[in-house]
Amino acid sequence: SRINNSMASELFVDKITGKTGTAGSAPLSMSGNTLTATLGTSSTGFGLITHMDQWRVTTTTGGGSAVLTSNLERVDTDWSGIGTGMTESSGIFTFPVTGIWLVNVDASFYSASGAAAYQGIYTQLDDDGTGYSNRAINLCNVTGTSYYSAMSTSIALDIENTSTHSVRFYMASSGNSDMRAIGNTDATQTGFTFIRLGDT
């Protein structure tokens, strides 16, 4: 390391190492513009993801237009989420804590009979306990019997009150009651991801 004598405010350091035997000391190293540090399991001053949860439809379900209210499970194949998970009851999802939450939807569709001009899943939010309104919409086209299609949406929601704010997912069809959202209990084909990004 060296000190630039012409500019006393500049300190050039290649590596800072914590004092031997000091609990919680963390070595730091600098290479170019990259600072490498061992932070451990938590740290202040950094925006860490504190909550993440994933749910999916377990069996192929339909048809037509309706709120997805059953055959839902938390993804449990490889992991159990981060932090406290969402609570689900009859298709209504409530949040464990307030904050800005990213809600992603990925859906796969199948036609048992005929075509559909549009097929999709709407993310609907109730933010005052009085009713649901659409917050994210993405539609696809299923062109005929035994054909498949897929869609996805992503929306950031400001969850200010966990008692009054909730979301649900509405499966929308152009009128063909033989449209199906494809479900799978081992590999997600229609599912929902909830990630808390930060404070409200």
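It should be noted that the structure appears before, not after, this text.
Keep in mind that this is a model prediction, so the values were computed, not measured. Numbering of residues starts from 1 in every chain and runs along the sequence as written. Totals for whole chains, interfaces and linings use all residues, but because this is a predicted model, local features are given only for residues with pLDDT of at least 70 and pairs of side-chain atoms are given and counted only at 80 or more. To get the side-chain values, all heavy atoms of the structure are used, and hydrogens and water are removed first.

Undergrad: Can you walk me through the packing of aromatic side chains in this structure?
TA: A ring pair, where both rings are aromatic, is described by two values, the distance of the centres and the angle of the planes. We call Phe, Tyr and Trp rings a pair once their centres come within 6.5 Å, taking the six-membered ring for Trp, and we label the pair stacked below 30 degrees between planes, edge-to-face above 60, and tilted otherwise. In total, this model carries ten aromatic pairs according to the counting rule given. Ring geometry for Phe95 versus Phe194: centroids 6.3 Å apart, planes at 85°, classification edge-to-face. With Phe95 in the loop between strand 11 (92-94) and strand 12 (99-111) and Phe194 in strand 19 (residues 191-198), this residue pair connects regions lying 99 residues apart in the sequence. In this pair, the class of Phe95 matches that of Phe194, namely buried. Relative to Tyr148, the ring of Tyr110 lies with its centre 5.1 Å away and its plane at 45°, an arrangement referred to as tilted. By the criteria applied, helices consist of DSSP H or I runs no shorter than four residues and strands consist of E runs no shorter than two, each listed in order from the N terminus. Using a 1.4 Å probe on the protein chains alone, a residue whose accessible area is under 20% of its type maximum counts as buried, one over 50% counts as exposed, and one in between counts as partly exposed.

Undergrad: Where do I start with the side chain of Ser173 in this structure?
TA: With respect to the helices and strands, Ser173 occurs in strand 17 (residues 166-173). In what follows, residue pairs with any heavy atoms lying within 4.5 Å of each other are defined as contacts. When neighbours within four sequence positions are excluded, Ser173 is seen to be in contact with Gly64, Ser65, Ala116, Tyr118, Gln119 and Met179.

Undergrad: I would appreciate a short explanation of a nonpolar patch on the surface in the present structure.
TA: Note on patches: the residues involved have over 30% relative accessible area and no salt bridge, like charges join within 9 Å, and the nonpolar side chains Val, Leu, Ile, Met, Phe, Trp and Tyr join within 5 Å. Accessible areas in this description were obtained via Shrake-Rupley with a 1.4 Å probe; residue shielding takes into account the shown protein chains only. Only one rule defines a salt bridge in this text: a Lys or Arg side-chain nitrogen within 4 Å of an Asp or Glu carboxyl oxygen. Together, Tyr118, Ile137 and Leu139 make up an exposed nonpolar region whose accessible area comes to about 250 Å². With respect to the secondary-structure elements, Tyr118 resides in strand 13 (residues 116-126). Judged by its relative accessible area of 32%, Tyr118 is partly exposed.

Undergrad: Mind showing me how you'd approach the pairing of strand 19 here?
TA: Consecutive side chains along a regular strand alternate between the two faces of the sheet. Across the eight residues of strand 19, six count as buried, placing the element largely inside the fold. Any two strands are treated as partners once DSSP identifies two or more bridges connecting them. Across five bridges, the pairing between strand 6 (residues 52-57) and strand 19 is antiparallel. When the bridges of strand 19 are listed, Trp55 appears paired with Phe192. As paired elements, strand 12 and strand 19 share seven bridges and run antiparallel to each other.

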